[in-house]
Amino acid sequence: MLGMSKQIAALEISNREFRLIVGYVLDNKVDILYKTKRPLSVPFKDGDIFDIGSLSDDLAKINVVETESEHAKLTININEISLILPPYGLNVYKSCKTTNTVSPVSKIDKIDISNALALVKKERLPNPNDELVDIIPNKFIIDGNKVYVEPPLNLESTTISIDANVYTLPRKMVDDMKNSCEKAQIKVKKEIIAPLAVSYYASS
C-alpha cells in the first residue's frame, strides 16, 4: 500500500508540546498511519527555546515509531518531516515583481513562474532579524492587465507579474527549531507556518 504513494510526516512544535502525524495521500485522500502528541521536557515561551539539547532529545524519541493496522504491526522511520512552525513573531509583507518571459514565442512556462518567485525571494526584508518562511501568490498578471489566480501557463505574454504575500518569522526561533530536528537526526524538508498549514496546504 505504501509503495503507491510517498509517506509524509508533519511535525508541529509549540510552547509545551509537539505533535507528529504520519500518513500518505492516495486518490486525493489522506490516510493517517500514525499520530502522537507529547509534552516537552523543557517548555518554552513564545518560540524562545531555552534548551535546544532538551528539545532535540525529545524529538529523537520519534526517530522510530510503531503502530498497528488491521493487518500488521508497522515500524515507521521518521527521517524527513515538514516542520510546522508556531506563528510567534509572524510578519506578513506584500510584494509585487515583474519579469520577462524567456520563450521566443512569448509563451509562459514554469521557469517564468520560478523567475518571478525568485525576485520576490531575493527582496530584502524590512526586519533583518526575520527569516522568509513562505511565499504565497495572490495573483498573476500578464500583458493586457489580465489577472489569474493560478499560474497562467502556456498563455502568450511578454511579461509576467506576481502579487504575493511574504511570510516571515524570527530567524532565531526558526534556526533553533531546525537545529533541534537536525540534532535528532530528522531532516527538515519544508517549513510551514501553523495557520497556513491549516488554510492553504490543507487544500492541496
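Residues numbered from 1 in each chain as written. Predicted model: local features only at pLDDT ≥ 70, side-chain atom pairs only at ≥ 80, totals over all residues. Heavy atoms only, no water.

A.B. asks: Quick rundown of the environment of Gln-7? Include the residues and the values.
C.D. replies: Within the secondary structure, Gln-7 is located in strand β1 (residues 7–13). It is 11 Å that separates the C-alpha atoms of Gln-7 and Ser-82, two residues lying 75 residues apart in sequence. Ignoring any residue separated from it by four or fewer positions in sequence, one finds Gln-7 in contact with Val-22, Gly-23, Tyr-24, Ile-76 and Asn-77. (Helix = DSSP H or I, 4+ residues; strand = E, 2+ residues; numbered from the N terminus. Contact = heavy atoms within 4.5 Å.)

A.B. asks: Can you explain the side chain of Asn-63? Please cite residues and give values.
C.D. replies: Looking at the secondary structure, you find Asn-63 in the loop between α1 (52–60) and β4 (64–68). Polar contacts involving the side chain of Asn-63 include one to the main-chain carbonyl oxygen of Ala-184, which spans 2.8 Å. Leave out the neighbours within four places in its chain, and Asn-63 touches Ile-76, Asn-77, Ile-78, Ala-184, Gln-185 and Ile-186. (Polar contact = N/O pair within 3.5 Å; in protein donor to acceptor, adjacent residues only side chain to side chain.)

A.B. asks: Lay out the environment of Ile-49 in plain terms, naming residues and giving numbers.
C.D. replies: Mapped onto the elements of the fold, Ile-49 is located in the loop between β3 (29–39) and α1. Separated by 57 residues in sequence, Ile-49 and Ser-106 have C-alpha atoms that sit 50 Å apart. Discounting chain neighbours no more than four positions away, the residues touching Ile-49 are Phe-44, Leu-55, Lys-172, Asp-176 and Met-177.

A.B. asks: Give me the lowdown on the nonpolar core, citing residues and values where you can.
C.D. replies: For soluble globular proteins, nonpolar side chains are generally found buried alongside one another. One finds Leu-11, Ile-13, Leu-20, Leu-59, Ile-81 and Leu-83 to be the most contacted residues of the largest nonpolar core, which totals 34 residues. Not counting the four nearest positions on each side in its chain, Ile-13 is found in contact with Phe-18, Phe-44, Leu-55, Leu-59, Leu-83, Ile-84, Pro-86 and Met-177. Core analysis: the second largest hydrophobic core is formed by 12 residues, Ile-113, Val-120, Leu-125 and Ile-135 among them. (Core = buried A, V, L, I, M, F, W, Y, C linked by side-chain atoms within 4.5 Å. Buried < 20%, exposed > 50% of the residue type's maximum accessible area, 1.4 Å probe, protein only.)

A.B. asks: I'd love a proper account of the packing of α1 against helix α3 (residues 171–183), names of residues and values included.
C.D. replies: Packed helix pairs are specified by the crossing angle of their axes together with the interaxial distance, meaning the distance between the axes. Look at α1 against α3: their axes get within 8 Å of each other, and the N-to-C directions meet at 50 degrees. When the axes of α1 and α3 are compared, the pair comes out oblique. Regarding α1 and α3, the two cross each other, and that crossing is right-handed. Two secondary-structure elements touch here, α1 through Ile-52, Leu-55, Ser-56 and Leu-59 and α3 through Asp-176, Ser-180, Cys-181 and Lys-183. Residue classes in the contact of α1 with α3 are distributed as 4 nonpolar, 2 polar and 2 charged. (Axes fitted to C-alpha atoms, helices over the stretch in contact; angles between N-to-C directions. Parallel < 35°, antiparallel > 145°, perpendicular 65-115°, else oblique. Left-handed = near helix turned anticlockwise from the far one by under 90°. Nonpolar A, V, L, I, M, F, W, Y, C, P; charged D, E, K, R; others polar.)

A.B. asks: Go over the sheet that holds β1 with me, naming the residues and quoting the values.
C.D. replies: An order of β3-β2-β1-β6-β11 is seen for the 5 strands of this open sheet, with the pairing classed as mixed. For this open sheet the edge positions go to β3 and β11 (187–193), each flanked by a neighbour on one side alone. With strand direction ignored, the average angle separating the axes of adjacent strands in the sheet is 25 degrees. Pairing analysis gives 10 bridges linking strand β2 (residues 17–26) to β3, with the strands arranged antiparallel. Bridge pairing links Glu-17 to Pro-39 in β3. Here α1 sits on the sheet and contacts β1, β2 and β3; the angle it forms with β1, its principal contact strand, is near 145 degrees. In the packing of α3 onto the sheet, contacts are made with β1, β6 (80–85) and β11, and the angle to β6 comes to roughly 155 degrees. (Pairing = 2+ DSSP bridges.)

A.B. asks: Hey, could you go over the sheet that holds strand β7 (residues 91–100) for me, with residue numbers and the actual values?
C.D. replies: Pairing between the strands of a sheet comes from backbone hydrogen bonds, and it takes one of two forms, parallel or antiparallel. With antiparallel pairing, 4 strands are arranged side by side in an open sheet as β7-β10-β8-β9. What marks the edges here is a single partner per strand, and that holds for β7 and β9 (146–148). Looking at each pair of strands side by side, their axes are set apart by 35 degrees on average, direction ignored. For strand β8 (residues 130–142) and β9, the ladder comprises 3 bridges, and the chain directions are antiparallel. Residue pairing in the sheet places Ile-142 in a bridge with Lys-146 of β9. The sheet strands contacting helix α2 (residues 110–122) are β7, β8 and β10 (159–170), and the helix crosses β7 at an angle near 135 degrees. With respect to the sheet, α3 is in contact with β8 and β10, its orientation differing from that of β10 by roughly 75 degrees.

A.B. asks: Which residues make up α1, and what values go with them?
C.D. replies: Along α1, the residues that are buried comprise Ser-54, Leu-55, Ser-56, Asp-58 and Leu-59. Check the buried side of α1 and you find it contacts β1, β2, β3 and α3. Its side-chain oxygen placed 3.2 Å from the backbone nitrogen of Gly-53, Asp-51 serves as the N-cap of α1.

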